[in-house]
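The lines below spell out each chain.
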Amino acid sequence: MTREEALALMQAHTPSESLRRHMLNVEAAMRWYARLWHEDEELYGLTGLLHDFDYESHPEEHPTWGVAYLREHTDLPAAALEAILGHAPATGVPRRTRLARTLFAVDELTGLVQAAALIRPDRDVRGVTLSSLNKRFRTRSFAAGVSREEVEQGARELGVDLDTHLGNVLQAMQGEAATHETDLAT
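Now for a quick tour of the structure. (Residues numbered from 1 in each chain as written. Predicted model: local features only at pLDDT ≥ 70, side-chain atom pairs only at ≥ 80, totals over all residues. Heavy atoms only, no water.)

Describing the environment of A155
- Tracing the sequence through the fold places A155 in helix α8 (residues 148–158).
- A155 gets classed as buried once you look at its relative accessible area, which sits at 2%.
- Once the C-alpha coordinates of A155 and T102 are considered, the two residues, 53 residues apart in sequence, prove to be 8.6 Å apart.
- If we skip the residues at most four places from it in the chain, A155 touches A105, V160, L162 and H165. (Helix = DSSP H or I, 4+ residues; strand = E, 2+ residues; numbered from the N terminus. Buried < 20%, exposed > 50% of the residue type's maximum accessible area, 1.4 Å probe, protein only. Contact = heavy atoms within 4.5 Å.)

Digging into the packing of aromatic side chains
- The tally for this structure, following the rule as stated, stands at five aromatic pairs.
- Pairing F53 with Y69 gives two aromatic rings, centres 5.8 Å apart and planes at 55 degrees, and the pair type is tilted. Separated by 16 residues along the polypeptide, F53 in the loop between α3 (41–50) and α4 (64–73) and Y69 in helix α4 bring together distant segments of the chain.
- Judged by its relative accessible area of 22%, Y69 falls in the partly exposed class.
- Among the aromatic residues, those joined into a cluster by ring pairs are W32, Y33 and W37.
- When the ring centre of W37 is taken as origin, the NZ or CZ atom of R98, which lies over that ring, is 4.3 Å away. (Phe/Tyr/Trp six-rings, centres within 6.5 Å; stacked < 30°, edge-to-face > 60°. Lys NZ or Arg CZ within 6 Å of the ring centre and 35° of its normal.)

Quick word on helix α2 (residues 17–37)
- Helix length check: α2 (21 residues) gives 30 Å between terminal C-alpha atoms against 30 Å at 1.5 Å per residue, within 8%.
- Burial within α2 is extensive, with 17 of its 21 residues counted as buried. (Expected span 1.5 Å × (residues − 1).)

Description of the pattern of salt bridges
- Overall, the coordinates contain twelve salt bridges when judged by the stated rule.
- Between D122 and R120 there is a salt bridge, with its nearest N and O atoms 3.1 Å apart.
- Taken together, the salt bridges that share partners define one network made up of R3, E27, R31, R35, E41 and E42. (Salt bridge = Lys/Arg side-chain N within 4 Å of Asp/Glu carboxyl O.)

Examining unusual backbone geometry
- Each neighbour pair has its own omega, and for H62 with P63 the value is -5 degrees, a cis peptide bond.
- Within the secondary structure, P63 is located in the loop between α3 and α4.
- Of note in this structure, H38 is not a glycine but carries a positive phi near 60 degrees.
- A residue is classified by how much of its surface remains accessible, and H38, at 72% relative accessible area, is exposed.
- Despite not being glycine, R123 shows a phi value in the positive range, around 55 degrees.
- Summarising the element assignment, R123 is placed in the loop between α6 (98–118) and α7 (130–138).

Comments concerning α4
- Burial in α4 covers these residues: G66, V67 and L70. Buried residues in α4, looked at end-on, bunch into an arc of 95 degrees, giving them a common side. Opposite the packed face of α4, turned more than 90 degrees from it, sit the exposed residues R71 and E72.
- On its buried side, α4 packs onto α1 (3–13), α3 and α5 (78–86). (Arc of directions from axis to C-beta.)

Topic: the layout of surface pockets
- In this model, the largest pocket occupies a volume close to 370 Å³.
- Lining the largest pocket we find 18 residues, and of these L19, H22, D52, D107 and E108 sit closest to its centre.
- Elements supplying a minimum of two residues to the lining of the largest pocket: α2 and α6.
- Across the lining of the largest pocket, the residue classes tally to six nonpolar, seven polar and five charged. (1 Å grid on protein atoms, 1.4 Å probe; cavity = no way out; pocket = protein on both sides within 12 Å on 5 of 7 lines; lining within 4 Å. Points joined across faces, edges and corners; volume = space filled by probe spheres on them. Nonpolar A, V, L, I, M, F, W, Y, C, P; charged D, E, K, R; others polar.)

Below, the structure is given as structure tokens:
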């Protein structure tokens, strides 16, 4: 599966711009970590891009429905499918691979970073600083839907210090901000 095919699939199944943006942000963070660890960047990126593509159309069956669809209609590797299942704690699928642990670790955190960008006058993630992100993380009422416990657990599972993890995901999202605007426009 190519990125273009994955992007088209995500766009076809995801009407809301905010969820599309979330998946693009997760893709960026996944690719960043893949480069850091010299892992397969395409595999990491596709996993991040598609992890929530079924969320709006099948919220009660997410991500099980999506994984079944991907298994039947794409050639996405089993490791990606297992990681997508493992990012949702409700499935009970253990995160045995670095790919799965990375998806879980970046998923919630990208939402916090995006929320921090949206309160800026320019609404641009490139202006978010690590110190402001740390402050927002400690303020439980800010982006209250973001599970701080899952963010902390994700960093632990990756073996990365929380502050380092916050900085890594922020840097990943800042690096891809312009590309995301193009992907959202198509």
